[in-house]
Structure formats: structure tokens, C-alpha cells
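Close look at the chain arrangement
One-letter residues, chain by chain:
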Amino acid sequence: MNTAVVILNFNGRKWLEKFLPSVFANSDEADIYVIDNASTDDSVLFLKDNFPKLKVVVNDSNYWFAGGYNEGLKHITADYYILLNSDVEVTPNWITPIIQLLESDENIVAAQPKILSYHNRQYFEHAGAGGGMIDKNGYPFCRGRIFDHVEKDEGQYNDTTEIFWATGACLFIKAKSFHEFGGFDAIYLAHMEEIDLCWRMKNSGKKIMYCGSSSVYHVGGGTLNYINPKKTYLNFRNSLFTLYKNLDKGLFIKILTRLCLDSVAAAKFLFSGKIRHIGSIFKAHFHFYKNIPQLNKKRKQIPCKSFTEMEGMYSSNIVWKHFGRKKKTFKDL
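As the structure is a prediction and not an experimental result, all values here were calculated from the model.

A few words on the environment of leucine 259. Inspection of the secondary structure puts leucine 259 in helix H8 (residues 251-271). Distance in space between the C-alpha atoms of leucine 259 and tyrosine 118 is 35 Å, their sequence separation being 141 residues. Residues within four places of leucine 259 in sequence aside, it is in contact with His285 and Tyr289.

This is the structure in C-alpha cells:
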């Protein structure tokens, strides 16, 4: 059994300098790699000078997150990949429980640990928290994080359970499965490519898991800040991409519903004074419709399974429950 911790980097020397020591200190079971996405800073030179045991793969261009991993992982041979963001601090024994979980069932192909906030360590972190879920309209959320409301970690998600998607901030995945399912879809660039990959794997009857006995601390927004309009654009566009590619039936109604709900989100940005984000939502929808011919080809390649039968799918409307009914935590849903 060979495990590779793989960190994607683009001009992120400050994160590598800060967090690589914790990775080396707590990852004796794994080889450690950095895939450099053609950085223009001195990241590669810094790594070679300061981490001689590190293995560096240099991409010939910046392929963003999705394409960057796809390109770099072509050169890394392992049984298990741990795709780790550069702004993550890992803890003792963070690897073994999840590898054991992956080995326990051939249908389990991916998993994530508990994701806590680096800056507010008693709380969950936005990207992954206590495991990824999705509502009937394709809006992703987490146990421990619904939209911008984050829960305090009080042991409520110390379990091991099946989820809908595992976070790309710390994604454990069987290498064979990553390549078998075509890796990340490079059209996404960044954000939600892990949800799309997890959904594609679930469409084939595979399982995605959460393991609460392993935990890491994530800064979050280290590459693209959560309040950046570019992130808003990618999140809304890629969410529509994911729905269109993977939903088994009722697609037209779901897209129409999303158009209405995304308009509500735009109004919320308006009242919050975040005017640039409104343009990001309209741009996301425009580019979604423009890409439908290409998405049709991708959709035909995927054996869609009934969405409502999948573990981790919330059969109600998370937007209404959270903003209309004021449900703040996962247990309140």
C-alpha cells in the first residue's frame, strides 16, 4: 500500500513555508509531493532548498485547480492520493483512520476528515466541515456549515458516516478510482470539481465517506477569498454545470428553479451592498447556457442514478429552510 500526500501550488510559497512542516511531522505513512502549477514566484526553488525529501512535479502551465491536479497526478504512482490544500495544518494520526476506512469496503472510493478552522479552532471550516451534503436543487452545504453559518465543534460530528461529497481541501481518494472516473473536469477551473467527481462516482454505486476521528485545520480562501466575486462566479456556474451533468431526471424543472433561487441570491447581494457579486451570478448563468452543447456530451458519458436514492442528498430546499425558516444547524433541518 502506497499513499501520496499531494499539494497543488501556484505562487503559494508563504503557505508551503507555513504548513509543510506539519505535513512532514505527521505523515510518516506517506510520500509527500507538491505539484507546482507553473508558479512565477520562487516556490520551486524554495522547496528544493528547504525540503530535500519532498518530491516536486512541475506542470508546464497553470491549469488551475482541476486541471493542475489532473496533469500532475499523471506523474505520481500510488494506491491512495490525499489531495491537500497548501493552507492546511494536519494533526497526528490524520492519515491512518481514513486509509483503514477506504480499505474496509471496495465500494468506498473517497473520504474526508473533520475540517476545522485554522483561525478559530473550536469551529468548523467552511470548505467541508463535518462532511458534504447537497439539497434537491443542487445547493451544496455541510454538516456543521450551512451557507455562511458555521457551527462550533462540540463532538457532534465525531462519527463515521456516508456523505454526498468530500472536500477538495483534504480529499482522500483511491488512485485507481480517480483515474477510472476521469479525474476532475478541467472545465470547472476551480470550485465544486470535487462535488462533480463525487457525484459521478456515486452515480456508479460508489460510496463517499466522512471520518470524524481524523481532523485538520484549514485557513480557507487562501487561493481565492470567499468574498471574491470571481469565487461567486465559479461557485454559481460550476454548481449549474454539476446539476446538468449528473442529474437523472427533472433537469429542466431543476434549472428553472435554480434560476429563480439564484435571482433571490442576487437580491441578497444587492441588499448587502455587494454589487459586483450580482454581475458574477448573471455571468455564471450566461456561461452555463453557452456551454450546454459541451455539457450534453459530458452528460451522455455518465450513467445517471436516481438522485433521491443517494446518501447525503437532502430532499428539501436548503435555501428556504435556512433563510426562510431560520434553520442554522444541520440537526435543525
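This next bit is on the packing of helix H6 (residues 193-203) against helix H7 (residues 229-246). Here H6 crosses H7 at 15 degrees, and the two axes come no closer than 10 Å. Here H7 runs roughly parallel to H6, going by the angle between their axes. The element H6 and its partner H7 pack so that their crossing is right-handed. Seen from H6, the contacting residues are Ile195, Asp196, Trp199, Arg200 and Asn203; seen from H7, they are Thr242, Leu243, Lys245 and Asn246. In terms of residue class, the contact of H6 with H7 is made up of three nonpolar, three polar and three charged.

The next subject is the packing of aromatic side chains. Under the counting rule described, the total for this entry stands at 20 aromatic pairs. Taken together, a centroid distance of 5.0 Å and an interplanar angle of 50 degrees make the contact between phenylalanine 147 and phenylalanine 323 tilted. Pair noted here: phenylalanine 147 is in the loop between strand E9 (145-146) and strand E10 (149-150) and phenylalanine 323 is in helix H11 (residues 318-324), with a separation of 176 residues, a long-range link. Residue classification places phenylalanine 323 among the partly exposed residues on the basis of a relative accessible area of 34%. The interplanar angle of 80 degrees and the centroid separation of 5.4 Å between the aromatic rings of phenylalanine 164 and tryptophan 199 together place this pair among those described as edge-to-face. Within this pair, whereas phenylalanine 164 is found in the loop between strand E11 (160-163) and strand E12 (170-174), its partner tryptophan 199 is found in helix H6, the two being separated by 35 residues in sequence. In this structure, phenylalanine 164 and tryptophan 199 share a single accessibility class: buried.

Computed from the structure, the second largest pocket encloses a volume of approximately 160 Å³. Lining of the second largest pocket is provided by Phe181, Gly182, Gly183, Phe184, Asp185, Arg200, Lys245, Lys298, Gln301, Ile302 and Pro303.

A few words now on the pairing of strand E3 (residues 55-58). Here strand E2 (residues 30-36) pairs with E3 via four bridges, running parallel. Bridged to aspartate 36 within E3 is valine 58. At this point the chain moves from E2, through helix H2 (residues 43-50), to the parallel E3, and the crossover so formed is right-handed.

A few words on the pattern of salt bridges. Scanning all chains against the criterion turns up 14 salt bridges. The shortest N-O distance in the salt bridge between lysine 245 and aspartate 185 comes to 2.7 Å. Placement of lysine 245 in helix H7 and of aspartate 185 in the loop between helix H5 (175-180) and H6 is noted, with a sequence separation of 60 residues between them. What makes lysine 245 buried here is its relative accessible area of 3%. Residue aspartate 185 is classed as buried on the basis of its relative accessible area of 8%. Between aspartate 185 and lysine 298 there is a salt bridge; the shortest N-O distance is 3.1 Å. Of this pair, aspartate 185 sits in the loop between H5 and H6 while lysine 298 sits in helix H10 (residues 292-300), and the two are 113 residues apart along the sequence. Among the residues examined, lysine 298 registers a relative accessible area of 18% and is labelled buried.

Parameters and conventions
- Residues numbered from 1 in each chain as written.
- Predicted model: local features only at pLDDT ≥ 70, side-chain atom pairs only at ≥ 80, totals over all residues.
- Heavy atoms only, no water.
- Helix = DSSP H or I, 4+ residues; strand = E, 2+ residues; numbered from the N terminus.
- Contact = heavy atoms within 4.5 Å.
- Axes fitted to C-alpha atoms, helices over the stretch in contact; angles between N-to-C directions.
- Parallel < 35°, antiparallel > 145°, perpendicular 65-115°, else oblique.
- Left-handed = near helix turned anticlockwise from the far one by under 90°.
- Nonpolar A, V, L, I, M, F, W, Y, C, P; charged D, E, K, R; others polar.
- Phe/Tyr/Trp six-rings, centres within 6.5 Å; stacked < 30°, edge-to-face > 60°.
- Buried < 20%, exposed > 50% of the residue type's maximum accessible area, 1.4 Å probe, protein only.
- 1 Å grid on protein atoms, 1.4 Å probe; cavity = no way out; pocket = protein on both sides within 12 Å on 5 of 7 lines; lining within 4 Å.
- Points joined across faces, edges and corners; volume = space filled by probe spheres on them.
- Pairing = 2+ DSSP bridges.
- Right-handed = clockwise from strand over helix to strand, strands pointing away.
- Salt bridge = Lys/Arg side-chain N within 4 Å of Asp/Glu carboxyl O.

So, to be careful, I would describe these as geometric facts and stop short of saying anything about function.
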